[in-house]
Amino acid sequence: MSTAEKPPAPARAGVRERRRITDEHGRRVRGWELVLRYVLLLAVLALTVGPFLWQLSTSLKGPTEDIFTSPPRFLPSRPTLHNYERVSETIPVWDYVLNSLKVALANVVTNCVGAALAGYALARLRYRGRRAATLVFILAMLVPAEGIIIAQFTTMRELGLNNTLLAVVLPGSVGALNVLLMRNAFLNVPYEIEEAAYVDGANVWQRFWRVALPSVRGTLAVVAIFAFMFSWDDFLWPLIVLSDPSKYTLTIGLNYLHGTFANDERLVAAGTIIAVAPLIILFACLQRYFFRGVGEGAVKG
C-alpha cells in the first residue's frame, strides 16, 4: 500500500468515535449542551468566587487608589500589605485569631472522636434502643440553635464556665449531623470485613480502630471541615457567653472593626481575608479526602 492511500473506513470511523464527547454514562454530549454547561459553571464561579476576589483586591489597594471605579478594576495598580498592618494596629487581631484557633481545633478533635465513636455504635453495635438513639440525633437537628441558647447560657453559668473559651467549645463539641454522617459512612463499610477481623480474634475496639475507621477517612475529613467552619464562623454564641475582650474570638473582633471603621472598606476587606484564609488552607489540605464521597466504604483490591 502506498503512503497516498486513505486508511480503511473502520479506522476513520474509530477516529471520529474517539473525538465524540460523552458524559459519565457514555451518552453523547452535543456542542451546544457543552457550551451551556461551561457558561453555567462560569456564572456560578463568578457568583461564589467573585466577592472573595473583590475583597482580596480591595485589601491590597492603597489609600490613593479609587476602589469604586466604573467599571471596577480587580488588579490593584500598586499592591500593598499596609491594610493588614493597620488591622493589627487597630485591634488585637492575632490574639483573636489564636482564640478562634483554640476553639476550632478543640471542636475538630471532639467532633471527630465523639462522632466517630457514636456513629460506630449506632451503625455496628447491637443493643436495645439503638433506633431510638438514632431518632434522637435526627430530632436534635430539627431544633434551632436560637431556641436552646438561653438553656445553654444558664447551664454554663451554673457550671461557672461563663466568660471562658471552654464554654464556647462545649455546646458544639459533638454535632448531631456529624454523628449521622459517621453512622452512614460505617454502614457503607462491608460487614464481612469486620466479620473476618472478628474470626481472627479482634475485639470491638480493634475492629473500630484498625478496620472500620481507616475505611471512612473521607467522611472523617468532612466532619473535621464542618466542625472547623462552624466554630470558626460562629458569632452569636461567643458574643453571648464572652464578656472579656481579651477572650474574644475573631468573628466578634471583626464585627467591632466593621462597626467602628465601616467607612474604611480597605481595612474591613483586610480583616475579612484574615478570617477566610484559615478555612481555605484547611480545605486545601483535606480536599483529597473531602471528595471521596460514597465510594470510600468500598472494598479495594
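Our subject in this report is the structure included herewith. A quick note: this is a predicted structure, and the numbers were derived from the prediction, not measured.

1. Remarks on the overall build of the protein
Reasoning step 1: Along the protein, the regular secondary structure elements total 14 helices and 0 strands.
Reasoning step 2: Secondary structure of the protein in N-to-C order comes out as α-α-α-α-α-α-α-α-α-α-α-α-α-α.
Reasoning step 3: By the burial criterion, 34% of the 301 residues in the protein qualify as buried.
Reasoning step 4: Of all intrachain contacts in the protein linking residues separated by at least 6 positions in sequence, the fraction that spans at least 24 positions is 71%.

2. Points about helix α10 (residues 204-215)
Reasoning step 1: The end-to-end C-alpha distance of α10 is 16 Å, a good match for the 16 Å that 12 residues give at a rise of 1.5 Å each.
Reasoning step 2: Residues of α10 that are buried include every one of Arg-207, Phe-208, Val-211, Ala-212 and Leu-213, and no others.
Reasoning step 3: Those residues of α10 that are buried are in contact with α4 (93-124), α8 (176-188), α9 (191-199) and α11 (217-233).
Reasoning step 4: By the N-cap criterion, in which a side-chain oxygen at the helix start approaches the backbone nitrogen of a residue two or three places on, α10 is capped by Asn-203, the distance to Trp-205 being 3.3 Å.

3. Brief notes about the side chain of Lys-61
Reasoning step 1: The residue Lys-61 is located in the loop between α2 (31-59) and α3 (82-90) in this model.
Reasoning step 2: An unpaired buried charge is present at Lys-61: no salt bridge exists, and Glu-65, the closest side chain of opposite charge, is 4.8 Å distant.
Reasoning step 3: Once residues lying within four places of it in the same chain are set aside, the contact partners of Lys-61 are Trp-54, Asp-66, Ile-67, Arg-73, Pro-76, Thr-80, Asn-83 and Arg-266.

4. Overview of a nonpolar patch on the surface
Reasoning step 1: A surface patch of nonpolar side chains, amounting to about 540 Å² of accessible area, comprises Val-109, Val-113, Leu-117, Trp-205 and Trp-209.
Reasoning step 2: At the level of secondary structure, the elements contributing two or more residues to the nonpolar patch comprise α4 and α10.
Reasoning step 3: At 3 residues, α4 tops the list of elements feeding residues into the nonpolar patch.
Reasoning step 4: Here Val-113 shows up in helix α4.

5. Points about the packing of aromatic side chains
Reasoning step 1: In the structure shown here, the tally under the stated rule is 7 aromatic pairs.
Reasoning step 2: Here the aromatic rings of Tyr-96 and Tyr-248 are separated by 6.4 Å at their centres, their planes lie at 40°, and the arrangement is tilted. Pair noted here: Tyr-96 is in helix α4 and Tyr-248 is in the loop between α12 (236-241) and α13 (250-260), with a separation of 152 residues, a long-range link.
Reasoning step 3: By relative accessible area, Tyr-96 is classed as buried at 7%.
Reasoning step 4: Taken together, Tyr-120, Phe-186, Trp-205, Phe-208 and Trp-209 form an aromatic cluster joined through their ring pairs.

6. Some words on the pattern of salt bridges
Reasoning step 1: If you walk through the whole model with that rule in mind, you get 3 salt bridges.
Reasoning step 2: Between Arg-73 and Glu-65 there is a salt bridge, with the nearest N and O atoms lying 3.7 Å from each other.
Reasoning step 3: Using a relative accessible area of 42% as the deciding quantity, one classes Arg-73 as partly exposed.
Reasoning step 4: The exposure class assigned to Glu-65 is buried, which follows from its relative accessible area of 7%.
Reasoning step 5: Two residues, Glu-194 and Arg-207, come together in a salt bridge whose shortest N-O distance is 3.9 Å. Residue Glu-194 is located in helix α9, and its partner Arg-207 is located in helix α10; the two are separated by 13 residues in the primary sequence. Both residues of the pair, Glu-194 and Arg-207, belong to the buried class.
Reasoning step 6: One network of salt bridges, with partners in common, ties together Arg-124, Glu-194 and Arg-207.

7. Overview of the packing of α11 against helix α14 (residues 265-290)
Reasoning step 1: It is at 9 Å that the axes of α11 and α14 come closest, and there the two elements cross at 170°. On the basis of their axis angle, the class for α11 and α14 is roughly antiparallel. Of the residues in α14, those in contact with Arg-217, Gly-218, Ala-221, Val-222, Ala-224, Ile-225, Phe-226, Phe-228, Met-229, Trp-232 and Asp-233 of α11 are Ala-275, Pro-278, Leu-279, Leu-282, Phe-283, Leu-286, Tyr-289 and Phe-290.

Parameters and conventions
Residues numbered from 1 in each chain as written. Predicted model: local features only at pLDDT ≥ 70, side-chain atom pairs only at ≥ 80, totals over all residues. Heavy atoms only, no water. Helix = DSSP H or I, 4+ residues; strand = E, 2+ residues; numbered from the N terminus. Buried < 20%, exposed > 50% of the residue type's maximum accessible area, 1.4 Å probe, protein only. Contact = heavy atoms within 4.5 Å. Expected span 1.5 Å × (residues − 1). Polar contact = N/O pair within 3.5 Å; in protein donor to acceptor, adjacent residues only side chain to side chain. Lys, Arg positive; Asp, Glu negative; His and termini not counted. Salt bridge = Lys/Arg side-chain N within 4 Å of Asp/Glu carboxyl O. Patch = residues over 30% accessible without salt bridge, like charges linked within 9 Å, V, L, I, M, F, W, Y side chains within 5 Å. Areas by Shrake-Rupley, 256 points an atom, 1.4 Å probe, with all protein chains shown as cover. Phe/Tyr/Trp six-rings, centres within 6.5 Å; stacked < 30°, edge-to-face > 60°. Axes fitted to C-alpha atoms, helices over the stretch in contact; angles between N-to-C directions. Parallel < 35°, antiparallel > 145°, perpendicular 65-115°, else oblique.

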